[in-house]
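Chains, contacts and geometry: an overview
Below are the chains, spelled out letter by letter.
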Amino acid sequence: MKSLLYMAMGGVAAAAAAQSADNSAAAPPAIELRAASSSPVAFGAAENFSGTARISSPFQSQAPGRSGGATVSFEPSARTAWHTHPLGQTLIVTAGLGLVQQQGQAVQVIRPGDVITIPANVRHWHGAAPEAAMTHVAIAEKDNGISVRWQEKLTDAAYQSAWASTGLSLERQVRVQASDETLSPRQRAISLMAAFAASSDMPRLNIALNQALDVGLTLSEAKEVLVQLYAYAGFPRSLNALSELLKVTEARRQRGIHDVPGREPSRAIAKGDELILAGRANQTEISGGPVQGPVFDFVPVINQFLQAHLFGDIFERDNLDWPSRELATVGALAATPGAEAQLRSHMRASLRVGLTPAQLRQLTRVLAEEVGAEAALRAQDALTQALALASKG
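These numbers were taken from a predicted model, which means no experiment stands behind them. Note on numbering: residues in each chain are counted from 1, in written sequence order. For this predicted model, a pLDDT threshold of at least 70 governs which residues receive local features, and a threshold of 80 or more governs which side-chain atom pairs are given and counted, while totals over whole chains, interfaces and linings are taken from all residues. Each side-chain value is derived from all of the structure's non-hydrogen atoms; neither hydrogens nor water enter the calculation.

**Focus: helix α5 (residues 202–214)**
Where helices and strands are cited, they refer to DSSP runs of H or I of at least four residues and of E of at least two residues respectively, numbered from the N terminus. Here a helix's expected span is defined as the number of its residues, less one, multiplied by 1.5 Å. A rise of 1.5 Å per residue sets the reference length of α5, with its 13 residues, at 18 Å; its end C-alpha atoms lie 18 Å apart and thus fit the reference within 8%. Buried residues of α5: L205, A208, L209, N210, A212 and L213, and no others. Summarising the contacts, the buried residues of α5 are in contact with α4 (185–198), α6 (219–228) and α8 (235–254). A positive phi of about 110° marks G216, the residue just after α5. A simple rule labels every residue: compare its accessible area, found with a 1.4 Å probe on the protein chains alone, to the largest value its type can have, and call it buried under 20%, exposed over 50%, or partly exposed in between. In what follows, residue pairs with any heavy atoms lying within 4.5 Å of each other are defined as contacts.

**Focus on the pairing of strand β3 (residues 53–60)**
Here, strands pair whenever DSSP counts at least two bridges between them. Alignment of strand β1 (residues 42–43) against β3, held across 2 bridges, turns out to be antiparallel. Pairing of A42 across the sheet is with I55, part of β3. As judged from the 6 bridges shared by β3 and strand β4 (residues 67–74), these two strands associate in the antiparallel manner. Across the sheet, I55 pairs through a bridge with V72, a residue of β4. From the end of β3 to the start of β4, which pair antiparallel, there are 6 residues.

**Details of the sheet that holds strand β12 (residues 134–141)**
The strand order across the open sheet formed by 6 strands is β1-β3-β4-β12-β7-β10, and the pairing between neighbours is antiparallel. The outermost strands of the open sheet, each flanked by one partner alone, are β1 and β10 (115–118).

**Describing the nonpolar core**
Ranked by size, the top nonpolar core spans 57 residues in total, and within it M193, L226, F315, M347 and L367 carry the most contacts. Per element, the largest residue contribution to this core is 9 residues, and it comes from α4. Excluding anything up to four places from it in sequence, F315 contacts Q228, Y232, R267, N282, I286, L310, W322, R325 and E326. Here, nonpolar core means buried Ala, Val, Leu, Ile, Met, Phe, Trp, Tyr and Cys residues that are tied together by side-chain atoms lying within 4.5 Å of each other. In terms of nonpolar packing, the next biggest core, distinct from the first, is built from 15 residues, A53, V72, I116 and V122 among them.

**A few points about a nonpolar patch on the surface**
To count toward a patch, a residue needs a relative accessible area above 30% and no salt bridge. Like charges then connect within 9 Å, nonpolar side chains (Val, Leu, Ile, Met, Phe, Trp, Tyr) within 5 Å. The protein chains shown are the only cover counted for residues, whose accessible areas, like all others here, come from Shrake-Rupley with a 1.4 Å probe. What counts as a salt bridge is simple: a side-chain nitrogen of Lys or Arg found within 4 Å of a carboxyl oxygen of Asp or Glu. Residues V295, F298, V299, V301, I302 and F305 make up a contiguous nonpolar surface patch of roughly 560 Å² in combined accessible area. Following the sequence through the fold, V295 ends up in helix α10 (residues 294–298). For V295, a relative accessible area of 56% corresponds to the exposed category.

**Considering the side chain of R252**
By the element assignment, R252 lies in helix α8. Taking the relative accessible area as the measure of exposure, R252 reaches 3% and is therefore buried. Beyond its immediate stretch of four places on either side in the chain, R252 contacts N210, L213, D214, I257 and D259.

**A word on the pattern of salt bridges**
This model, assessed by the stated rule, comprises 13 salt bridges. If you follow the salt bridges from partner to partner, you end up with D214, R252 and D259 in one network.

**Remarks on the packing of aromatic side chains**
Stacked, tilted and edge-to-face are the three classes assigned to paired rings of Phe, Tyr and Trp, where Trp is represented by its six-membered ring and a pair needs centres within 6.5 Å; plane angles under 30 degrees give stacked, over 60 edge-to-face, the rest tilted. Throughout the structure, instances matching the rule amount to 6 aromatic pairs. Both rings, one in F49 and one in W150, keep their centres 5.5 Å apart while their planes meet at 55°; by these two values the pair is tilted. Here W150 lies in strand β13 (residues 149–150) and F49 lies in strand β2 (residues 49–50), a separation of 101 residues in the sequence. Taking the relative accessible area as the measure of exposure, F49 reaches 9% and is therefore buried. A ring pair is formed by F311 and F315, whose centres lie 5.3 Å apart and whose planes are at 35°; its orientation type is tilted. Here the aromatic cluster, defined as three or more aromatic residues joined through ring pairs, consists of F49, F74 and W150. One cation-aromatic arrangement involves R79 over Y159; the distance from NZ or CZ to the ring centre is 4.4 Å. The criterion is that NZ of a Lys, or CZ of an Arg, lies within 6 Å of the ring centre and within 35 degrees of the ring normal, and then a charge sits over that ring. The residue whose ring lies beneath R325 is F315, and the NZ or CZ to ring-centre distance is 5.7 Å.

**Some remarks on helix α13 (residues 340–352)**
Taking 1.5 Å of rise per residue, 13 residues should cover 18 Å, and α13 covers 19 Å from first to last C-alpha, within 8% of that figure. Looking at α13, one finds that the buried residues are L343, H346, M347, A349 and S350. Down the axis of α13, the buried side of the element spans an arc of 160°, and every buried residue falls inside it. On its buried face, α13 sits against α7 (230–233), α9 (272–287), α12 (322–334), α14 (357–370) and α15 (373–391). Looking one or two places after α13, you find G354, whose phi comes out positive at around 115°. As used here, the arc is the angular range of directions from the helix axis to the C-beta atoms.

Scope: geometric values only; no functional claims are made or implied.
Here you go:
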């Protein structure tokens, strides 16, 4: 009896296994999703990379596909060794400024959005610029299980020579000399961050924050812009914007992007009456004279709060310069209907702290392109009035 029972059970088990195998064979292919947070970040091997390169979100296609790759983030000056790919490689730049060079050819500069197609067995290297990080997605196919053949490392002298040949060092000097005529990418980013934060446009603020960090704004500077915003857009919007910055930095960290922390204020902030005196001096310098008016006569304490909290506690913090603070203020006020009087005042203040008419005209164009026509019109009107008053001395 037991033998018959075991035989019956064995038959049932065999039938179940066969049914399971049939079901497995019949199951359709399924899309696989792996969250970025589940992928560990590895460092590029020292024998294959110079400097620090972080490799995240590795992937390998399912058979019969042969492609695989990862996101690679290079810190400034970091680069690969010379290497080839038996079936070629594709690079998609997502952030920063970088270089790629095929042996025997001129080095090429790569920027976000660029797609680089490297033919099979072409000897090359790629990496970040000397003073900027760079991130790209790298995709290559395997040939008999091999996707890359590493060779010797690029020497520091060869790397520096390649960078010098791009002319970007000279271009940077020219940009510095012409900085009184155009907004830098960093300045442009600051005004957009403030505008989107003031209008509570979180999706576009997220994009602006990523772009600001990509062009070199430090985390300390980004925080400072959004902290200052409380004085012009209120604590709720400032806190929401800081929360969005936290989300952005966490997401970038999980992708292996190393953002520069920046520095904290280097001097102690005064307290009590000394703080009010420092704030009053800053307010007077930025405003072009003592701030007076019917509202301040009617409610004197509001000017005391301005001098102590805004022009004292905030403007005394030296981890963000005054032109940057005014660009943030103008961006926020331009995006705020009903703040035209304050916008006119800060457009005049922008001229006093060193921003030029050309830079402020460019700012109005940036607002028109990125924020909207109404914000740009408010800024243009304020600038026109500020320039008219400046021409009268």
